[in-house]
Amino acid sequence: MRAFVITTIVCFLIYLLLTTGSGSDFLGLWSNIELIFGILLSLIVGFIARTVFVKNNYRLLNPVRWILFLGYLIGPFFFSLAKANLDVAYRVITGKINPGIVKISPGLTTDLGITMLANSITLTPGTLTVDIDEDTNDLYIHWINVDKKALEKKPIDCSYICGSFPQWVRRIVE
Amino acid sequence: MILDILIFVFIGIGLFFNLLAGIGLLRFPDVYTRLHAGTKCTTFGSIFLIGSVVLIGLNMWWENDTNGSVLAIHSAAALIAILLTNPVGAHAIARAAHRSGVQPVGAVIDELAEKRGKTTSDSQTGGD
């Protein structure tokens, strides 16, 4: 029941976002017929997709986590993305590369968390997620400029590759 | 006026980084380094290109044209889709390349090949 309500509300919000400008009856943006049809469709989709969308994990209902997620996107994530692009620009122009594939153990447990971390790593400086060990949640990272200091200690310290991302991800989804 | 300049600056930044991605695809030696250029630069460039479209849409909305809201929100939805799918696609290509035996050019270390070599000699399954 809880999963059904959550899925319906999320569907309805997305429907509202995608149908702005359909009329001027409600808040000057939506027509009444669009709202009624949206509620009907959301109920149907919520009933069908409730077991797919929510998997016995209600941690993300907490609004503090949404605010943290937004702060993460705007702050450290966007900063690293900008840095990554300047880094790639430098390597495109000079052609200096020193690549290698290394293994890190971020110590995250949920699928959502490891997905978020892998995506963040791919979009941040000089690193690309190549493979994942699904038993231990270790990530194999292609690193475009391998740091000699990092290789001395095995397994490699996460902070060389992804900075404070594992802590952020743990605070947001785990 | 200021908004127009801001929009042109955003388009300029976006075009520069997308161009950089194209040059990177030509200059880098192997599939992994090319993916570096192809994912990071296109994502960053698209953020700015779509950001300029969102600004145009918000400006139209501000001047009481509700079509502007459609433009802004739908472009933002496209941006979210790009942010989610671009790294996943890059990961899928890199994983497929490594599974079909493409070695990273000039690699100083390859722990994934070490691990895979170990498991295949132990069990002769050759991965899943």
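Residues numbered from 1 in each chain as written. Chains lettered and ligands numbered in written order. Predicted model: local features only at pLDDT ≥ 70, side-chain atom pairs only at ≥ 80, totals over all residues.

K.L.:
If you had to explain the overall build of chain B to someone new, which residues and values would you point to?
P.N.:
Assigned secondary structure in chain B consists of four helices and zero strands. Going residue by residue from the N terminus, the α and β elements of chain B occur as α-α-α-α. The proportion of buried residues among the 128 residues of chain B is 29%. Considering only intrachain contacts with a sequence separation of at least 6, the fraction spanning at least 24 residues in chain B is 55%. (Helix = DSSP H or I, 4+ residues; strand = E, 2+ residues; numbered from the N terminus. Buried ≥ 20, exposed ≤ 12 C-beta atoms within 10 Å, placed from the backbone. Contact = placed C-beta atoms within 7 Å.)

K.L.:
Outline the interface of chain B and chain A, listing residues and values.
P.N.:
Counting from both sides, the interface comprises 35 residues of chain B and, opposite them, 31 residues of chain A. Broken down by secondary-structure element, the contributors of at least two residues to the side of chain B that touches chain A are helix 1 (2-27), helix 2 (31-62), helix 3 (67-99) and helix 4 (111-123) of chain B. The element contributing the most residues to the side of chain B that touches chain A is helix 3 of chain B, with 11 residues. Class assignment for the residues of the side of chain B that touches chain A results in 19 nonpolar, 11 polar and five charged. (Nonpolar A, V, L, I, M, F, W, Y, C, P; charged D, E, K, R; others polar.)

K.L.:
Tell me about the environment of B:T39, and name the residues and values.
P.N.:
Here B:T39 is to be found in helix 2. With 24 C-beta atoms packed within 10 Å, B:T39 lands in the buried category. Excluding its chain neighbours within four sequence positions, the residues that come into contact with B:T39 are A:T122, A:L123, B:N86, B:P87 and B:A90.

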